[in-house]
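Each chain, written out:
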Amino acid sequence: AQSVTQLGSHVSVSEGALVLLRCNYSSSVPPYLFWYVQYPNQGLQLLLKYTSAATLVKGINGFEAEFKKSETSFHLTKPSAHMSDAAEYFCAVRPDSNYQLIWGAGTKLIIKP
Amino acid sequence: GAVVSQHPSWVICKSGTSVKIECRSLDFQATTMFWYRQFPKQSLMLMATSNEGSKATYEQGVEKDKFLINHASLTLSTLTVTSAHPEDSSFYICSARDVAGGPLDTQYFGPGTRLTVL
């Protein structure tokens, strides 16, 4: 069965520091991969998605993620954290065969001043 | 970008009453909408897939008689929580898939509805 694992329910970084949020998936076929962000009291917004066009995907707000097939990973990074990045981040995988998303448990990103 | 709205954004109701939540795609048509439930500090749980003009497909463990889904048009799906109980209190989120989208399309999410059952 497909699954998504996000390592760390909470990640805390200082403002200006590198952000790294980890996502590993299990899939028998190359999947579509997504990162969504949920700001407090708001709905989910798509940050970026991998659709096999390029392994390094650039998203909004300076985030990017790299698809590594050998590691079955799709980690999210941002070179320099900003206070406004504080939110919950969800990794999701969509098997090629249907449109349902399989979600990771989410990682809450905390930015320290 | 594509916008999905939900109404109401929050609702408080008495135990035993029914609550209807609307999900609308504002600037695109959606043949498929998804209903999720999110518990505090947990990820989204897919409840059902709603297809325009046909019956919804419910995930295992979701009571279809309790969570009634209607997708009568390409821009509107409704979720009715019947005879609500305190354990139904949760954050309900819908998403919609653009009918014009191909295999690379994306789900667009509504802002969610906070349901509190007293």
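(A) Expanded view of the pairing of strand 7 (residues 64–68) of chain A. All names here are of chain A. Only one face of strand 7 is covered, namely the face carrying Ala65 and Phe67; the face carrying Glu64, Glu66 and Lys68 is uncovered. Linking strand 6 (residues 56–58) back to strand 7 in an antiparallel pair, the connection comprises 5 residues, with asparagine 61 at a positive phi of about 60°. Pairing geometry for strand 7 and strand 8 (residues 73–78), over 5 bridges, is antiparallel. Looking at the pairing, alanine 65 lines up with leucine 76 of strand 8.

(B) Spotlight on the state of the cysteines. Residue and element names in this part refer to chain A. Enumeration according to the criterion identifies 2 disulfides over all chains in this entry. A disulfide bridge connects cysteine 23 with cysteine 91, and the sulfur atoms are separated by 1.9 Å. Here the disulfide of cysteine 23 and cysteine 91 is left-handed, its torsion about the S-S bond being about -65°. With cysteine 23 in strand 3 (residues 19–26) and cysteine 91 in strand 9 (residues 87–94), this pair connects stretches of sequence that are 68 residues apart.

(C) Representation of the sheet that holds strand 8 (residues 76–81) of chain B in the model. Residue and element names in this part refer to chain B. Ordered in space as 1-3-8-7, the 4 strands form an open sheet in which the pairing is antiparallel. Looking at the sheet topology across the chains shown, the edges are occupied by strand 1 (4–7) and strand 7 (67–73). The sheet shows a mean angle of 15° between the axes of neighbouring strands, direction not considered.

(D) Structural detail: a nonpolar patch on the surface. On the surface, a nonpolar cluster with roughly 390 Å² of combined accessible area is contributed by B:Trp10, B:Ile12 and B:Leu118. By the secondary structure assignment, B:Leu118 is in the segment after strand 11 (113–117).

About the cut-offs
- Residues numbered from 1 in each chain as written.
- Chains lettered and ligands numbered in written order.
- Predicted model: local features only at pLDDT ≥ 70, side-chain atom pairs only at ≥ 80, totals over all residues.
- Heavy atoms only, no water.
- Buried < 20%, exposed > 50% of the residue type's maximum accessible area, 1.4 Å probe, protein only.
- Helix = DSSP H or I, 4+ residues; strand = E, 2+ residues; numbered from the N terminus.
- Pairing = 2+ DSSP bridges.
- Disulfide = S-S within 2.5 Å.
- Axes fitted to C-alpha atoms, helices over the stretch in contact; angles between N-to-C directions.
- Patch = residues over 30% accessible without salt bridge, like charges linked within 9 Å, V, L, I, M, F, W, Y side chains within 5 Å.
- Areas by Shrake-Rupley, 256 points an atom, 1.4 Å probe, with all protein chains shown as cover.
- Salt bridge = Lys/Arg side-chain N within 4 Å of Asp/Glu carboxyl O.

Spatial relationships are all this shows, so hold off on functional conclusions.
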